[in-house]
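Each chain, letter by letter, is given below.
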Amino acid sequence: MPAIYLIRHGQASFGAEDYDQLSPLGEQQSRLLGDWLHRCGQRPARVVAGSLKRHRQTAEACLDALPGGYAGEWQIGQGFDEFDHHEVLVRYRPEFDDRAALGQFLADSGNPRQAFQQVFTAAVARWVGGAHDDYAESWAGFKTRCNAALAELTAQAAEGTTWVFTSGGPISVIVQQLLGIPDRKIFDLNWTLANTGITRLMYRPGQVSVGTVNAFPHLDAAGDPQLITYR
């Protein structure tokens, strides 16, 4: 049965001017993933990447770790792009449209990552709740987009394994649809998805099933807990 690996991107650059850029650790995670997949005898029959920089950079580092690299052409699947984090945040806290204001808020908190997590969780709850219609892409629209991208992919005949380089949001809502997870619980899953973690789907005509969620043996095997990150 053909498989699809939904691969979350490597660690991005939290707090930097350009978040959509892999950190040095994110590049290392991606190389470790490619090396581990090779040692397991895995090689993609098809590669799909979202259109964001961190998707492409993760794919490049991972595929470059394969002997001889990957000679095939990628598909760019915008349906696998992440939701607009910035818009979701500023609809909840409009003052954070000013990067300086957000930076000052985080600096004053004493624990920037924890402070951001708390405010962003509240922002996401506003978006998912559906009571506000001031988003360019609604929560319902985001779910429809991601699941349509998966449906299009499974409708295309392919032998072997497809590697999809994407983000935590699309992975979460695809798993949500397949396992029937309610909206109120889905971000409990999203927050636990590790950078470069693999969610494996099995499919055949008319049926898609979840094999594994959020596997990262390539990071565990490296023996360094600091390699395992979630943002």
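Residues numbered from 1 in each chain as written. Predicted model: local features only at pLDDT ≥ 70, side-chain atom pairs only at ≥ 80, totals over all residues. Heavy atoms only, no water.

S.K.: Where do I start with the pattern of salt bridges in this structure?
M.R.: Side-chain pairs of opposite charge can arise where the charged atoms are in close proximity. Counted by the stated rule, this structure contains eight salt bridges. One salt bridge connects R93 with E95, and the closest N-O pair in it is separated by 2.4 Å. Between D188 and K185 there is a salt bridge, with its nearest N and O atoms 3.0 Å apart. Of this pair, D188 and K185 are both found in helix 8 (residues 183-190), three residues apart, which corresponds to roughly one turn of the helix. D188 gets classed as partly exposed once you look at its relative accessible area, which sits at 44%. (Salt bridge = Lys/Arg side-chain N within 4 Å of Asp/Glu carboxyl O. Helix = DSSP H or I, 4+ residues; strand = E, 2+ residues; numbered from the N terminus. Buried < 20%, exposed > 50% of the residue type's maximum accessible area, 1.4 Å probe, protein only.)

S.K.: Is there a simple way to explain the sheet that holds strand 5 (residues 198-204) in this structure?
M.R.: Ordered by their spatial adjacency, six strands build an open sheet running 3-2-4-1-5-6, and the pairing between neighbours is mixed. The open sheet terminates on both sides in strands that have one partner only, identified here as strand 3 (75-76) and strand 6 (207-215). With two bridges connecting them, strand 2 (residues 46-49) and strand 3 associate as parallel partners. If you follow V48 over to strand 3, its bridge partner there is Q75. Where helix 7 (residues 168-179) meets the sheet, its contacts fall on strand 1 (3-8), strand 4 (161-166), strand 5 and strand 6, and the angle it forms with strand 1 comes to roughly 140°. (Pairing = 2+ DSSP bridges. Contact = heavy atoms within 4.5 Å. Axes fitted to C-alpha atoms, helices over the stretch in contact; angles between N-to-C directions.)

S.K.: Is there a simple way to think about the pairing of strand 5 in this case?
M.R.: A regular strand places its side chains so that they alternate between the two faces of the sheet. Burial within strand 5 is extensive, with five of its seven residues counted as buried. When strand 1 meets strand 5, the two strands line up antiparallel, connected through five bridges. Bridging across to strand 5, L6 finds its partner in T199. Of the strand pairs in this sheet, strand 5 and strand 6 are connected by six bridges, and their pairing is antiparallel. Within strand 6, the position partnered with L201 by the bridge is V210. Between the antiparallel neighbours strand 5 and strand 6 lie two residues, among them G206 with a positive phi of about 80°.

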